[in-house]
Amino acid sequence: MKKRIERLRGMHDVLPEAYRRQTQVVGRVRALLEKAGYEPVDTPVLERSDLFQASFGQEAWQNLYAFQLHQRELCLRPEYTASICRLYLEHYQQSSLPLRFQYVGPVFRYEAPGRGRYRQYTQLGIELFGGQPLRGDGEIVQLACDILHELGIARYRLELGHVGVVSGFIERLHLDAQTARLLLSLMEQISRSPEGEQAAQSRLEALYPEQVSNPALSASEAGQWRRLASSDGSNQLVAALLNSFSLPFGDEDSRREIVERFLWKIGRSEQRTLVFSALEFLRKLRALAGPPPEVFQELRQLLQRYQLDDDPLEELEQLVTTLMEVTGVDRRQITLNLALGRGVSYYTGLLFEIHASDEEGSDLQLCGGGRYDHLVEAVGGAHRVNACGFAFGLERLISLMPASQWPQTARTQALVIPVGKQDLAYAGRVARLARREGGIIAELEINTRGVTNALRQAARRGFRLALIVGEEERQANMVKLHDLLSGEEFPVAARDLAVTLREGGYST
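Presented here is a report on the structure given in the accompanying data block.

Parameters at a glance
Residues numbered from 1 in each chain as written. Predicted model: local features only at pLDDT ≥ 70, side-chain atom pairs only at ≥ 80, totals over all residues. Heavy atoms only, no water. Buried < 20%, exposed > 50% of the residue type's maximum accessible area, 1.4 Å probe, protein only. Helix = DSSP H or I, 4+ residues; strand = E, 2+ residues; numbered from the N terminus. Arc of directions from axis to C-beta. Contact = heavy atoms within 4.5 Å. Pairing = 2+ DSSP bridges. Axes fitted to C-alpha atoms, helices over the stretch in contact; angles between N-to-C directions. 1 Å grid on protein atoms, 1.4 Å probe; cavity = no way out; pocket = protein on both sides within 12 Å on 5 of 7 lines; lining within 4 Å. Points joined across faces, edges and corners; volume = space filled by probe spheres on them. Salt bridge = Lys/Arg side-chain N within 4 Å of Asp/Glu carboxyl O. Polar contact = N/O pair within 3.5 Å; in protein donor to acceptor, adjacent residues only side chain to side chain. Phe/Tyr/Trp six-rings, centres within 6.5 Å; stacked < 30°, edge-to-face > 60°.

**Structural notes on helix α16 (residues 451-460)**
Here is step 1 of the chain: Where α16 is concerned, the buried positions are Ala454, Leu455 and Ala458. Viewed along the axis of α16, the buried residues span an arc of 100 degrees, placing them on a single side of the element. Exposed residues lying more than 90 degrees from the buried face of α16 are Thr452 and Arg460.
Here is step 2 of the chain: The elements touched by buried residues of α16 are β12 (413-418), β14 (465-469) and β15 (478-483).

**What to know about the pairing of β15**
Here is step 1 of the chain: Of the strand pairs in this sheet, β14 and β15 are connected by four bridges, and their pairing is antiparallel. In the strand pairing of β15, Ala466 is matched with His482.
Here is step 2 of the chain: Bridging between β15 and strand β16 (residues 489-493) involves five bridges; their strand directions are antiparallel. Each residue of the ladder has a partner; that of Lys480, found in β16, is Pro491.
Here is step 3 of the chain: Taking the residues between adjacent antiparallel strands as the criterion, β15 and β16 are bridged by five residues, where Gly487 takes a positive phi near 85 degrees.

**Digging into the sheet that holds strand β1 (residues 39-40)**
Here is step 1 of the chain: Spatially, eight strands are ordered β1-β5-β6-β11-β10-β9-β7-β8 in an open sheet, and the strand pairing comes out mixed. Two strands lie at the open edges of the sheet, namely β1 and β8 (334-336), each paired on one side alone.
Here is step 2 of the chain: Where strand β10 (residues 363-371) meets strand β11 (residues 387-393), five bridges bridge the pair, whose relative direction is antiparallel. Following the sheet pairing, Gly368 is matched in β11 by Ala391.
Here is step 3 of the chain: Together, β1, β5 (99-108) and β6 (120-129) form the strand contacts of helix α1 (residues 16-35), whose direction differs from that of β5 by roughly 160 degrees.
Here is step 4 of the chain: The sheet strands contacting helix α4 (residues 133-150) are β5, β6, β7 (157-162), β9 (350-357), β10 and β11, and the helix crosses β11 at an angle near 15 degrees.

**Let's talk about empty space enclosed by the protein**
Here is step 1 of the chain: With the rule as written, the count across this model stands at three cavities of 30 Å³ or more.
Here is step 2 of the chain: By volume, the largest cavity amounts to about 80 Å³.
Here is step 3 of the chain: Every residue lining the largest cavity is listed: Val163, Leu184, Ser185, Met187, Gly341, Arg342, Val344, Ser345, Tyr346, Tyr347 and Leu351.
Here is step 4 of the chain: The element best represented in the lining of the largest cavity is helix α6 (residues 177-192), accounting for three residues.

**Re the pattern of salt bridges**
Here is step 1 of the chain: Taken as a whole, this structure holds 26 salt bridges when the rule is applied.
Here is step 2 of the chain: A salt bridge links Asp330 to Arg332, with the shortest nitrogen-to-oxygen separation between them at 2.9 Å.
Here is step 3 of the chain: Here Asp330 falls in the partly exposed class, since its relative accessible area comes to 28%.
Here is step 4 of the chain: The closest approach of N and O atoms between Arg371 and Asp373, which form a salt bridge, is 2.7 Å.

**Regarding the sheet that holds strand β13 (residues 441-444)**
Here is step 1 of the chain: Strand order in this open sheet of five strands is β13-β12-β14-β15-β16, and the pairing throughout is mixed. Looking at which strands have only one partner, the edges of the open sheet turn out to be β13 and β16. When the angles between neighbouring strand axes are averaged without regard to direction, this sheet yields 30 degrees.
Here is step 2 of the chain: Running over the sheet, α16 touches β12, β14 and β15 and is turned about 170 degrees from β12.

**Things to note about the side chain of Gln405**
Here is step 1 of the chain: Summarising the element assignment, Gln405 is placed in the loop between α14 (394-399) and β12.
Here is step 2 of the chain: Classification of Gln405 by relative accessible area gives buried; the value is 18%.
Here is step 3 of the chain: In terms of polar contacts, Gln405 uses its side chain to reach the side chain of Arg28, at 2.6 Å.
Here is step 4 of the chain: If near-sequence neighbours (up to four positions away) are discounted, Gln405 is found in contact with Gln24, Arg28, Glu150, Leu151 and Gly152.

**Comments concerning the packing of aromatic side chains**
Here is step 1 of the chain: Applying the stated criterion across every chain yields a total of 13 aromatic pairs.
Here is step 2 of the chain: Plain terms: the ring middles of Tyr65 and Phe108 are 6.4 Å apart, the flat faces sit at 80 degrees to each other, and that makes the pair edge-to-face. Residue Tyr65 is located in the loop between α2 (58-61) and β3 (66-69), and its partner Phe108 is located in strand β5; the two are separated by 43 residues in the primary sequence.
Here is step 3 of the chain: Relative accessible area serves as the criterion here: at 10%, Phe108 is assigned to the buried category.
Here is step 4 of the chain: With a centroid separation of 6.0 Å and 65 degrees between ring planes, the pair formed by Phe101 and Phe129 is classed as edge-to-face.

**Details of the pairing of β10**
Here is step 1 of the chain: In terms of residue burial, β10 counts as a mostly covered element, since seven of its nine residues are buried.
Here is step 2 of the chain: Relative to β10, β9 runs antiparallel, the two sharing seven bridges. Bridge assignment links Ile354 to a residue of β10, and that residue is Cys367.
Here is step 3 of the chain: Taken together, β9 and the strand that follows it, β10, pair antiparallel across an intervening segment of five residues, in which Gly361 is found at a positive phi of about 85 degrees.

**Section: unusual backbone geometry**
Here is step 1 of the chain: With an omega of 10 degrees, the peptide bond between Leu97 and Pro98 qualifies as cis.
Here is step 2 of the chain: With respect to the element layout, Pro98 can be found in the loop between α3 (81-91) and β5.
Here is step 3 of the chain: Pro292 connects to Pro293 through a cis peptide bond whose omega is 0 degrees.
Here is step 4 of the chain: Mapped onto the elements of the fold, Pro293 is located in the loop between α10 (252-287) and α11 (294-305).

That's the geometry; what it means functionally is another story.
See below:
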C-alpha cells in the first residue's frame, strides 16, 4: 500500500471557518492601524540568511529554516522586523521620518510544537521608523493595547522591561562580546520561570566550569597577567612567565603555546566570576518584578546599590503613566520586569510582551516587541535609525477572542440543479444571477446524480434553497425555487429572482 503523505509536524492546515475568522480579524486590525497612519507592506517569505544574523544568536539560529540552494545561503522568514529594515533601506532610505508600516504574513521557526505553538504561524505587526524614542514607544504599546480592545480581549497582562539596565551592567563588566551576547540571549529564559533560570545557570556552569580556575593565582594576580597579556609586549610576557615557573619548556613555539593556554585559563576563570555576578544581578531584577507604582521605588534602590543609571526606569515610569491615562490600562494588568528578554539580540531599549490565559488557564504570549535603534545599521544602513515595533501571533489572538466578537454572518446557500446536461449552461447563468443580484451563495451542481439525490445532498449539507432548472424552465426563462426547510416549491421568472430572494428573506 502506498504510504500516505502527511503534513509536516508543527504545521497546520487552515480550514474554511478558521480562514474566514483570520480574514475578518486581519481586516479589523488593518483598518485600526491605517487610521493611525500605518501603511500595509509585505516582504518575501524567502530572504538571504545573513539578513537575520544580526537578530538571532548561535543558539536561536539552529531553529531557523536556513539552507543552501545553488550556492546561496537562504532562510525562510523567521520574523518580519529585519525584513522590514531591509525594505526600508531599499525603498525609503531617502524619505522623511517618521515612517509607519504594518504587515501580516507567515513566519517559520523550527521550534518544538506545543499548545498554540506552530512552526509556521502568522505574524501581524507594525514597525515605526524615526521619531523621539519615548513618544514612539508610547505609540506602539498603546496601539498593541488598542488592538486587544478592538477584538474584545480585555483580560491580559502587559509586561514591560528595558534592556538598557542589564546592558549597562554587562558593559561595566567588560566581558568579551560573545559572552555579553550570550547573557543577553539568556535573559528570556531567566525571566520566564525558576526552571528557566536553573537551565540558564546549568548552561553557564557547563561553559564556565569552576575547575578551570587557577587556585595558585589570586584575583589580583590573574588581573595583572591579563593586563600584561593584553599589552603589546608579548615577548616580555613569555619570558616573565617562564622565569616564574623555572620549568623546561622546549623551543620558542612550545613556550608560547603553554603561555597562551595559561592565559586562556586565567581569562576563563575571570569570565566565570563576572558571568555569575551578571546572573545574580538578573535574579535580583526578576525577583523584584511586580506592578507599578510600588516596584519603581524598589528597582530604583537596587540600581542605586549597583550605581547604575536609572534613566530606563524614568522612561518606563512615563510610559506607564501614559498607558493608564490614555489607554485605560489598569495598573494591575502591568508588570515591570527589568530582567525581561525576548530571545533576539537587536533590542536596545524598551521591551514588552502581552500575555493572556486560555480557557484552561494556560499562559499564552500574544504579542512581543520593543525598540531596536541599531538594527537598520546592522543590516547595511549607513547610520542608525530610531525604530520600534511589535508583532502579534494571529492564531493565538484569534483563539482568545470571545464568541461575541464573531457576528452571525451566515448567508443563504443555494444549490443550482440542472436537470439534464443540456440545461447546464442555463443553470450557470442562473447561479451567476443569484450571486450577483440575489446576494446569496449559489453552488452549481456538478454531479449527475438526479434531482432527488441532489436535493437530499443539499439538505444534508445545510443548504436553504435549491434552484432547479430543466428544459421547461430554460425555455421560459424561469427557475423552480425549492425551499429545503419548508419543502415549498414554486416557479420564479429569472428576471424576478433577485427580488424574490430579498422579499422571501433569503438575501439581505
